[in-house]
Amino acid sequence: YGDYNQKIDYVFKVVLIGDSAVGKTQLLARFSRNQFNVDSKATIGVEFQTKTLIIDNKTVKAQIWDTAGQESGSMYDGSIWWGLGYRAVTSAYYRGAVGAMLVYDMTKRQSFDHMSRWLEELRGHADTNIVIMLIGNKCDLGTLRAVPTEDAQEFAQRENLFFMETSALESTNVETAFLTILTEIYRLIS
Ligand code: GDP
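Quick caveat: nothing in here was measured; it's all calculated off a predicted structure.

Student: Talk me through the sheet that holds strand β3 (residues 58-65); I want residue IDs and the actual numbers.
Tutor: The strand order β2-β3-β1-β6-β7-β8 describes an open sheet built from six strands, whose pairing is mixed. Since the sheet does not close on itself, it has two edges, and those belong to β2 (48-55) and β8 (162-165), each with one partner. Taken pair by pair, the neighbouring strands of this sheet meet at an average axis angle of 25 degrees, ignoring direction. The sheet contact formed by β2 and β3 spans eight bridges and is antiparallel. Within β3, the position partnered with Thr52 by the bridge is Lys61. Lying on the sheet, helix α1 (residues 24-33) is in contact with β1 (10-17), β2, β3, β6 (99-105) and β7 (131-137); it crosses β2 at an angle near 45 degrees. Seen against the sheet, helix α4 (residues 115-125) touches β1, β6 and β7 and runs at an angle of roughly 160 degrees to β6.

Shown next, in the form of structure tokens:
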């Protein structure tokens, strides 16, 4: 029960990364405001959203960062992949993050194939104890699936990541995914 005027015990910064158009912004909108905006890229200027929740009787403020506001979520021009690239924002984006969600679109094989590169960039910039969750988004588009669940599970296991398939559109597993990563972060810190 939210008495959100009470003091905040923890602030957890979690970053969303992955190729452009995989649904990062919509996952965040779903989690933080229970919204889904069809065809909206109008989040320019917003760097993060917060949501306060109670975990184990502690007040945890989740501060979720999205790459919205940049020209594109990831720098991939069809042949060369740059990650967030050589931008001034890159280290600021990862700095202080205790969790990361690596998001791919399960109907776009390429967005999954890029996960290892995103992971590399993440591990190059973030704290070694960061909790990472692999997210296969758009599971409502089951008939267009291009990434078998087992492929993602195998990758997640090998890289020691949590894994979940979600739909920001239908609200499937979104809350669960965020709660899982935040609870895991809490377990590590407390
Ligand atoms: P971002 O660039 O990773 O932030 O991706 P967006 O959140 O802007 O989403 C890109 C496109 O995918 C938009 O047209 C969204 O409406 C759509 N989208 C996002 N999440 C889902 C989902 O769970 N299911 C479906 N069917 N479409 C989604």
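Moving on from the coordinates now.
Student: Go over unusual backbone geometry with me, naming the residues and quoting the values.
Tutor: Backbone geometry places Asn57, a non-glycine residue, at a positive phi of 65 degrees. For Asn57, the position within the fold is in the loop between β2 and β3. A positive phi is found at Ser171, a non-glycine position, where the angle reads about 70 degrees. Turning to its location among the elements, Ser171 is positioned in the loop between β8 and α6 (174-189).

Student: Please give an account of α1 that cites residues and values.
Tutor: Counting buried positions along α1 yields eight of ten residues, so the element is predominantly enclosed. All of the buried residues in α1 are Lys24, Thr25, Gln26, Leu27, Leu28, Ala29, Arg30 and Phe31. Positive phi appears at Asn34, one or two residues downstream of α1, with a value of about 50 degrees.

Student: Please give an account of the packing of α1 against α6 that cites residues and values.
Tutor: The contact between α1 and α6 brings their axes to 9 Å, and the two run at 85 degrees. Classified by the angle between their axes, α1 and α6 sit roughly perpendicular to one another. In this structure, α1 uses Leu27, Arg30 and Phe31 to contact α6, whose residues at the interface are Val174, Glu175 and Phe178. Classifying every residue of the contact of α1 with α6 by side-chain character gives four nonpolar, no polar and two charged.

Student: Please set out the confidence of the model for the chain residue by residue, giving values where relevant.
Tutor: Detailed reading of the predicted coordinates is not advisable wherever pLDDT falls low. With 81% of its residues at a pLDDT of at least 70, the chain reaches an overall mean of 86. Under a pLDDT of 50 for its full length, residues 69-73 has, in the predicted model, eleven contacts with residues more than four places off or in other chains. The ipTM assigned to the predicted complex is 0.99, against a pTM of 0.89.

Student: How would you summarise the environment of Arg33 if you had to cite specific residues and measurements?
Tutor: Looking at the secondary structure, you find Arg33 in helix α1. In the structure, Arg33 is positioned 18 residues away from Lys51 in sequence and 8.5 Å away in space, judged by C-alpha atoms.

Student: Can you tell me about the nonpolar core, naming the residues and giving the values?
Tutor: Counting residues in each nonpolar core, the largest one holds 46 residues, and the members touching the most others are Leu102 and Met133. With six residues, α6 is the largest single contributor of residues to this core. Setting aside its immediate chain neighbours within four residues, Leu102 contacts Ile17, Gly18, Met115, Trp118, Leu119, Ile132, Leu134 and Ile135.

What counts and how
- Residues numbered from 1 in each chain as written.
- Predicted model: local features only at pLDDT ≥ 70, side-chain atom pairs only at ≥ 80, totals over all residues.
- Pairing = 2+ DSSP bridges.
- Helix = DSSP H or I, 4+ residues; strand = E, 2+ residues; numbered from the N terminus.
- Axes fitted to C-alpha atoms, helices over the stretch in contact; angles between N-to-C directions.
- Contact = placed C-beta atoms within 7 Å.
- Buried ≥ 20, exposed ≤ 12 C-beta atoms within 10 Å, placed from the backbone.
- Parallel < 35°, antiparallel > 145°, perpendicular 65-115°, else oblique.
- Nonpolar A, V, L, I, M, F, W, Y, C, P; charged D, E, K, R; others polar.
- pLDDT = per-residue confidence, 0-100.
- Core = buried A, V, L, I, M, F, W, Y, C linked by C-beta atoms within 7 Å.

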